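Survey of secondary and tertiary structure
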Amino acid sequence: MAIKRFKRLRQSLEALFPERHIYIRSGGEMRGYVFSTNKQILGATCVAGAALWMGVCTASMMINVLSVSATDQQVIKQKAYYERLNADRQARLNSAVAQLSATNGSLDDLASSVEKRHAALALLVSDFKGVPGAAEALTVAKPRLLAASPIQRIQATRMDQERLIDAAESFAKSRAERLRLAMRMAGLDAGNFTGRGVSLGGPLIEAKDPRALAAVLDVDEEFASRIQHAANDMSDMRSLGAAAKKLPFYRPTSNPALSSSYGVRFDPFTRRPAFHSGLDFPGAFYTPIMATAPGVISFTGVRSGYGNTVEIDHGGGFKTRYAHLATIGVRVGQRVSIGSRVGAMGSTGRSTGPHLHYEVWVNGKAQNPNRFLKAGEYVQQAS
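Residues numbered from 1 in each chain as written. Predicted model: local features only at pLDDT ≥ 70, side-chain atom pairs only at ≥ 80, totals over all residues. Heavy atoms only, no water.

Bringing the overall build of the protein into the picture now. Scanning the protein from N- to C-terminus turns up nine helices and 13 strands. Here the protein holds 383 residues, and 36% of them are scored as buried. Taking as baseline every contact in the protein between residues at least 6 positions apart, the subset at least 24 positions apart corresponds to 67%. Total accessible area on the protein stands at roughly 21700 Å², and carbon and sulfur atoms take up 57% of it. (Helix = DSSP H or I, 4+ residues; strand = E, 2+ residues; numbered from the N terminus. Buried < 20%, exposed > 50% of the residue type's maximum accessible area, 1.4 Å probe, protein only. Contact = heavy atoms within 4.5 Å. Areas by Shrake-Rupley, 256 points an atom, 1.4 Å probe, with all protein chains shown as cover.)

Okay, here's the thing in structure tokens:
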């Protein structure tokens, strides 16, 4: 039965691709070429394979374009949100100033209120020290009041405090959202990296009820609520920022070019489709290879197919692999930081030329390293 089916299939292919003869006359000579059924089938297979490969590449490029477009749209939405938030804050500020001007409070009461607010702001602003861009973001324009009365100067200081809390809240929230977006670009859940015991601002985080915080700080409840919101955003920002520094978000070589991507490709040895579990970075022999995140060297040596290999355990289930190295410059158990040299580029193992094969593993599964590299670029833009 199988032989009959094979014969029918053979007859169908011969009918579809009959033997063809091509004659070419040139210079008084006649030459003939025979295209057998097998040659025609082989040619058709090559054309179909090339078309399939072009289709896969085109689909991959479209997915990347749509992904970037979606990221840009998310940033635009966040920017519009913050613009509406700032407009609302300004309206409330103007209302508060008007109410203050209408009151008959004594100068001592106003001064005491300003001092208590200043003490609360000092707790919050102290948590922003060392954060890239914080100093510029928290610098507010102060109006010039050369011939103003003491009450007017106190009112102006309260306005400066309102502007400062607005700037602190917007800065912390904006940076935290950018870090969350970077996590999503890498295929990670940002919720897994927040609330990991990062203690900020003492009572600013511990007091869950704004009324309790207002009593602790001895300020009005609305101001205490805004202080707490900014402190919570700062806590999330610090947690996400600390997590980002521990993730493989950085490049293993200074050369941004890729010779092979993650996913299905034609194996250079078998010439057949095969899954490629990492990225290949081309370069010259002995090009420095660097750690993409801090961690502990968990393996150095030869792995089958990988040649000279270094593996780094970054904690939390994250691991990176650097293969085909010419030399290894670290030892098992050694701690490394971002950018530490772990070896030199080579062509050991199953390799056709000098390059780095780089992999990212999460909880024992190979991931697309390109997503982590793009997330790292986005994080560095936010710094």
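On the surface, L52, W53, V56 and F266 cluster together into a nonpolar patch covering about 390 Å² of accessible area. Sorting elements by how many residues they give to the nonpolar patch places helix 2 (residues 37-102) first, with three residues. Along the chain, the position of F266 falls in strand 3 (residues 263-266). (Patch = residues over 30% accessible without salt bridge, like charges linked within 9 Å, V, L, I, M, F, W, Y side chains within 5 Å. Salt bridge = Lys/Arg side-chain N within 4 Å of Asp/Glu carboxyl O.)

For residues that are not glycine, phi is negative in most cases, and the peptide bond is trans in most cases. Its identity is not glycine, yet Y286 carries a phi of approximately 70°, on the positive side. One can find Y286 in the loop between strand 5 (279-282) and strand 6 (288-290). You can call Y286 exposed: its relative accessible area is 54%. At N363, a residue that is not glycine, the phi angle is positive and equals roughly 55°. Residue classification places N363 among the exposed positions, given a relative accessible area of 61%.

Let us look at the pairing of strand 7 (residues 295-303). For a regular strand, the rule is simple: side chains alternate between the two faces of the sheet. Relative to strand 10 (residues 335-336), strand 7 runs antiparallel, the two sharing two bridges. Its bridge partner being in strand 10, V296 is matched across the sheet by R335. Across seven bridges, the pairing between strand 7 and strand 8 (residues 307-315) is antiparallel. When the bridges of strand 8 are listed, F299 appears paired with E311. (Pairing = 2+ DSSP bridges.)

This next bit is on the UniProt feature "transmembrane region" (unreviewed entry) in the protein. Look at the UniProt record and you will see "transmembrane region" (unreviewed entry) annotated at residues 41-63. Strand forms 0% of residues 41-63 and helix 100%; the C-alpha atoms that close the span are 33 Å apart. (UniProt positions renumbered as here; feature names shortened; annotations may be inferred.)

Right, let's talk about the pattern of salt bridges for a bit. Applying the stated criterion across every chain, the model contains six salt bridges. One salt bridge in this structure joins E311 and R303, with 2.6 Å as the shortest N-O distance. Overall, R303 belongs to the partly exposed group, its relative accessible area being 30%. A salt bridge links E359 to R321, with the nearest nitrogen and oxygen atoms 3.2 Å apart. Taken together, the positions of E359 in strand 12 (residues 355-362) and R321 in strand 9 (residues 318-328) put the pair 38 residues apart, joining distant regions of the chain. What makes R321 buried here is its relative accessible area of 8%. Each of R303, E311, K319, R321 and E359 takes part in salt bridges that share partners, so that together they form one network.

What follows covers a positive patch on the surface. A cluster of basic residues, K4, R5, K7 and R8, forms a positive patch on the protein surface. Mapped onto the elements, K7 comes out in helix 1 (residues 2-16). (Lys, Arg positive; Asp, Glu negative; His and termini not counted. Charge placed at Lys NZ, Arg CZ, Asp CG, Glu CD.)

Turning our attention to the packing of aromatic side chains. Inspection of every chain in the model, using the stated rule, returns six aromatic pairs. When the centroid spacing of 5.4 Å and the interplanar angle of 45° are considered together, the rings of Y322 and Y358 count as tilted. Here Y322, found in strand 9, pairs with Y358, found in strand 12; they are 36 residues apart in sequence, far enough to count as distant. The exposure classification of Y322 matches that of Y358, with both residues buried. In textbook terms, an aromatic cluster arises when at least three aromatic residues are bridged by ring pairs, as seen for F249, F318 and F372. In this structure, R303 packs its charged tip against the face of F299, placed 3.9 Å from the ring centre. Here K319 stacks its cationic end above the ring of W361, 5.4 Å away from the centre of that ring. (Phe/Tyr/Trp six-rings, centres within 6.5 Å; stacked < 30°, edge-to-face > 60°. Lys NZ or Arg CZ within 6 Å of the ring centre and 35° of its normal.)

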